[in-house]
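# Observations on chain architecture
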Amino acid sequence: HEILRMLEEARKLNFVVYLAFGGEPLIRPDAINILKHAHNLGLYTSIITNGTYLSDKAKEIAKVVDLTWVSLDYYSDYHDKIRGLKGTFNRAIEGITKLRDNGGRVVINCVLSKLNRNAVRKMVELAQDLRVKLAFDTMEIFSGINEEYALSRIECRRLFLEALELKKLGYPILNSYEFLEHLIS
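Calculation rules
Residues numbered from 1 in each chain as written. Predicted model: local features only at pLDDT ≥ 70, side-chain atom pairs only at ≥ 80, totals over all residues. Heavy atoms only, no water. 1 Å grid on protein atoms, 1.4 Å probe; cavity = no way out; pocket = protein on both sides within 12 Å on 5 of 7 lines; lining within 4 Å. Points joined across faces, edges and corners; volume = space filled by probe spheres on them. Helix = DSSP H or I, 4+ residues; strand = E, 2+ residues; numbered from the N terminus. Nonpolar A, V, L, I, M, F, W, Y, C, P; charged D, E, K, R; others polar. Phe/Tyr/Trp six-rings, centres within 6.5 Å; stacked < 30°, edge-to-face > 60°. Buried < 20%, exposed > 50% of the residue type's maximum accessible area, 1.4 Å probe, protein only. Polar contact = N/O pair within 3.5 Å; in protein donor to acceptor, adjacent residues only side chain to side chain. Contact = heavy atoms within 4.5 Å.

Let us now look at the layout of surface pockets. A volume near 480 Å³ is recorded for the largest pocket. Lining the largest pocket are 20 residues, with D73, R83, V111, M139 and N146 sitting closest to its centre. At three residues, the largest contribution of residues to the lining of the largest pocket is made by helix α4 (residues 78–83). Each residue belonging to the lining of the largest pocket can be placed in one class, and the counts come to seven nonpolar, nine polar and four charged. Volume-wise, the second largest pocket comes out at about 160 Å³. Broken down by class, the residue content of the lining of the second largest pocket amounts to two nonpolar, five polar and two charged.

This is the structure:
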């Protein structure tokens, strides 16, 4: 009830977007009700999910979420190893497909790191095959936790240059030219 009330207050204060994220929002048993409430208030409603629960809730999500971001870091079940949980790749692909087929808008979000630095072209091809857009992002670095996976400046430049070239070829990359050029420079 507190979340619903906060959404109502946010709307009265002219907020226009509600983004559900953090951990896995679809774990919450009331996630659909919260998203529906935000949608009914007229908020542009979006969610970031790892996709593992997406298939089961795709029909409901398609009705109340304007844009679903699915975190997918590799084009095969190597994604499972990156995420540390077997089956996440297949469940995410199934969820993306089911949501798209039910009229939902889906974007794959791929965070680039040393673990997937060879995946740019294949991720773009996967997005094209799934008929969805793809956004690339850099990994957020947390000292003492993940800095060994961070891309060097040279690697970052090379990967985002590759993404820029693929975007120019017409592949479904959501990142703007300006964003890609900024990361390259």
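Okay, back to it.
Inspection of every chain in the model, using the stated rule, returns three aromatic pairs. Arranged with centres 6.5 Å apart and planes meeting at 85°, the rings of F160 and F179 form a pair that is edge-to-face. Taken together, the positions of F160 in helix α7 (residues 153–168) and F179 in helix α8 (residues 177–184) put the pair 19 residues apart, joining distant regions of the chain. Aromatic ring contacts, followed pair by pair, group Y74, Y75 and Y78 into a single cluster.

On to the side chain of S113. Considering the arrangement of structural elements, one finds S113 in the loop between β4 (106–112) and α6 (120–130). Judged by relative accessible area, which is 6%, S113 ranks as buried. Among the polar contacts made by the side chain of S113, one reaches the main-chain amide nitrogen of L115 at a distance of 3.1 Å. Not counting chain neighbours up to four residues away, the residues in contact with S113 comprise M139, Y149 and L151.

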